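Chains, contacts and geometry: an overview
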Amino acid sequence: MTTTAMSGSRLSDLPDDLLRRVLFFAPAKEGAATAVLARRWRSLWRSSGGVNLASRLGPGAGVDRPWTRHDYPLSVAEGALAAARAEGPVRRITLHLEEKSHAGVDAVMSRSFEGMIDFVLYNPAVRRVEELRLTAHMSRPVDDSGGRAPDYSGGWYKLRLAELPSEALRVLHVGDCHELVPAFPGEAAFPRLAVLQLRRCTVLLTGLQGLIDAAPQLATLQLERCCLSGAVEAGAGTAPATWVAERYRLRCPAVTVLVLASCRWPGWAPDGMVLDVPKLRYFRYKGFVERLSLASHAPDIHLGDLHFVDEVNPGEHKMLDKMRVSFWQFVHNFSDAKVLKVKLNFPIENIAVAKKTDRGKILGDKIFRNLERLELEGHHVPWSDGAAVAIANMLHCCPVVCDLRLSLKTQGSRIAVIAFDDEEEDDIYYVSDIPGLSGCSFNCLQSSLRRVRLQFQLEFLNCFGVQLAKFLAENALVLEDFHVDVGKHKLRPYIDRKVRRWVIDSSNRRRNSPSTPGSEFLPSET
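Everything quoted here is computed from the prediction, not taken from an experiment.

Considering all chains together, one arrives at nine aromatic pairs under this definition. Look at Tyr285 and Phe330: their rings are 6.0 Å apart centre to centre, the planes differ by 45 degrees, and that puts the pair in the tilted class. Note that Tyr285 is positioned in strand E14 (residues 282-287) and Phe330 in helix H8 (residues 317-331), a separation of 45 residues in sequence. As far as the burial class goes, Tyr285 and Phe330 line up, both buried. Look at Phe308 and Phe327: their rings are 5.6 Å apart centre to centre, the planes differ by 80 degrees, and that puts the pair in the edge-to-face class. Of this pair, Phe308 sits in strand E16 (residues 303-308) while Phe327 is found in helix H8, placing the two residues 19 residues apart along the sequence. An aromatic cluster is present here, built from Phe283, Tyr285, Phe308, Phe327, Trp328, Phe330 and Phe334 joined pairwise through their rings.

Okay, structure coming up:
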């Protein structure tokens, strides 16, 4: 039996419900084409409940005016919706327009897609739709220098929330919308809306708040690369002084999953935005540390995924001090989290609290009292104690962490020559203690830390990463799994041998000199 015949046989063995589920996500053109496969397939796509429409345009496509119902995209949409409605309710609608930009068609594309949206939304087949996805993406051509211009992230079409089928809608995904027109109070209600995703959109904060207020069951809110504008910015002219707010506030009473990634905040609010999300359980954020805060800490939080992109000149000490305080104030909101991921676009040294007098004010007591896994990614400045102090601060704040994952980078690396195969020569390469960390004791090292993943660049045999590996191997008393990734496969045997030796030597020393673990202590004031 041929491979094609075997594949067809296996596909035919699947039950109708599973085939309908697959066709639920298939493009309308391909889904409709399955009707010619066999008699059994004639109604499978039509009864799947999904209609996914996509058009791809480019130079020479003949787009010189907005579409009418007789043009190909709208005629296909009308036929697909009619066929699907004949077999049962339409539960999923996807509209996607992609164009390779060329001169003179941007405005036509915008009007054409808006017309396509209106044409589809006014169709009786979508009145009970549960999932609606709208995107219009324009890819820029290669310019004369050979580079590709960045994709526009402000959107290409206008969408009126009052015109959406809201009665049964559970999932709404909108991409590349330049104006999300809010509904008037009481004009539209979304009683079942649970997931709202906005990507590369421009939206008024008041309109977004109105949509959230109209969706009492909204549990997931995702905003990615959006421009969140205030009422002042949407109008013309200069804002009167009475209109300027120090901070904007976004209230999300039922949201448990919140994503804010690479969004632009209102320019009239110098202190950014306050989020009021009392039921938050999962939070992912990418942006500036000083532009966002939570109204209160999240008691039900499980995972915080934070990516800070601040850039501060090392010589600007006041700005560095302000950013350091803002960082620790922000992470305080996740004191009840089980998992915390922190990625820094700036040196880890920038979050270090070195002075003993500042630790009580900035760090407080054990901040992350329930944290089980900590992931920290960033780069450090060679020959500086700041990275070690920052890691010491983190370990101090995580008394029960059992899984530690550190990814450290340096600018430039120098790979040493090592005798990989001769273990007897390992001892000639001395690894010193780590300034700012060696000699410290932490509760997590004494009783909870069992897994360590350490990734770094091996610059030389006594670099910061190797020193840190030595410190953790010698001081984590209940360690069960220690993995070191130095980026170069040939260097790994040497590091593995050193880590294994440090663990064994530390265990032997404790066995020969039994003692009760003491209390935690940090490095002295510097």
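Attention shifts here to the side chain of Ser506. For Ser506, the location among the structural elements is in helix H13 (residues 492-512). Residue Ser506 is classed as buried on the basis of its relative accessible area, which comes to 4%. Of note is the side chain of Ser506, whose polar atom sits 2.6 Å from the backbone oxygen of Glu474. Dropping the residues within four chain positions of it, Ser506 is found in contact with Ala473 and Glu474.

On to the nonpolar core, then. One finds Ile93, Leu198, Leu275, Phe283, Phe327, Trp328 and Leu468 to be the most contacted residues of the largest nonpolar core, which totals 144 residues. Considering every element that reaches this core, the biggest residue donor is helix H10 (residues 386-397), with nine residues. Aside from chain neighbours lying at most four places away, what touches Leu468 is Ile391, Leu406, Leu408, Ile434, Leu437 and Leu454.

Any two packed helices are characterised by how steeply their axes cross, that is the angle between the axes, and by the distance between the axes. Relative orientation of the contacting elements H10 and helix H12 (residues 464-475) amounts to 30 degrees, with a least axis distance of 12 Å. The angle between H10 and H12 places the two elements in the roughly parallel class. The hand of the H10/H12 crossing is right-handed. Together, Ala387, Ala388, Ile391 and Leu395 of H10 and Phe464, Leu468 and Phe471 of H12 make up the contact between the two elements. Of the residues in the contact of H10 with H12, the class split is seven nonpolar, no polar and no charged.

Another aspect to go through is the sheet that holds strand E13 (residues 273-276). An order of E11-E13-E15 is seen for the three strands of this open sheet, with the pairing classed as parallel. The open sheet terminates on both sides in strands that have one partner only, identified here as strand E11 (248-251) and strand E15 (292-294). Direction aside, neighbouring strands of the sheet carry axes that sit 25 degrees apart on average. For E13 and E15, the ladder comprises three bridges, and the chain directions are parallel. Paired with Leu275 across the two strands is Leu294, which belongs to E15.

So, on to the confidence of the model for the protein. The pLDDT averaged across the protein works out to 78; a share of 76% of its residues lies at or above 70. Confidence over residues 141-152 falls short of pLDDT 50; this stretch has 16 contacts with residues more than four positions distant or in other chains. Low confidence marks residues 232-244, where pLDDT is under 50. Its contacts with residues over four positions away, or in another chain, come to 11 contacts.

What counts and how
- Residues numbered from 1 in each chain as written.
- Predicted model: local features only at pLDDT ≥ 70, side-chain atom pairs only at ≥ 80, totals over all residues.
- Heavy atoms only, no water.
- Phe/Tyr/Trp six-rings, centres within 6.5 Å; stacked < 30°, edge-to-face > 60°.
- Helix = DSSP H or I, 4+ residues; strand = E, 2+ residues; numbered from the N terminus.
- Buried < 20%, exposed > 50% of the residue type's maximum accessible area, 1.4 Å probe, protein only.
- Polar contact = N/O pair within 3.5 Å; in protein donor to acceptor, adjacent residues only side chain to side chain.
- Contact = heavy atoms within 4.5 Å.
- Core = buried A, V, L, I, M, F, W, Y, C linked by side-chain atoms within 4.5 Å.
- Axes fitted to C-alpha atoms, helices over the stretch in contact; angles between N-to-C directions.
- Parallel < 35°, antiparallel > 145°, perpendicular 65-115°, else oblique.
- Left-handed = near helix turned anticlockwise from the far one by under 90°.
- Nonpolar A, V, L, I, M, F, W, Y, C, P; charged D, E, K, R; others polar.
- Pairing = 2+ DSSP bridges.
- pLDDT = per-residue confidence, 0-100.

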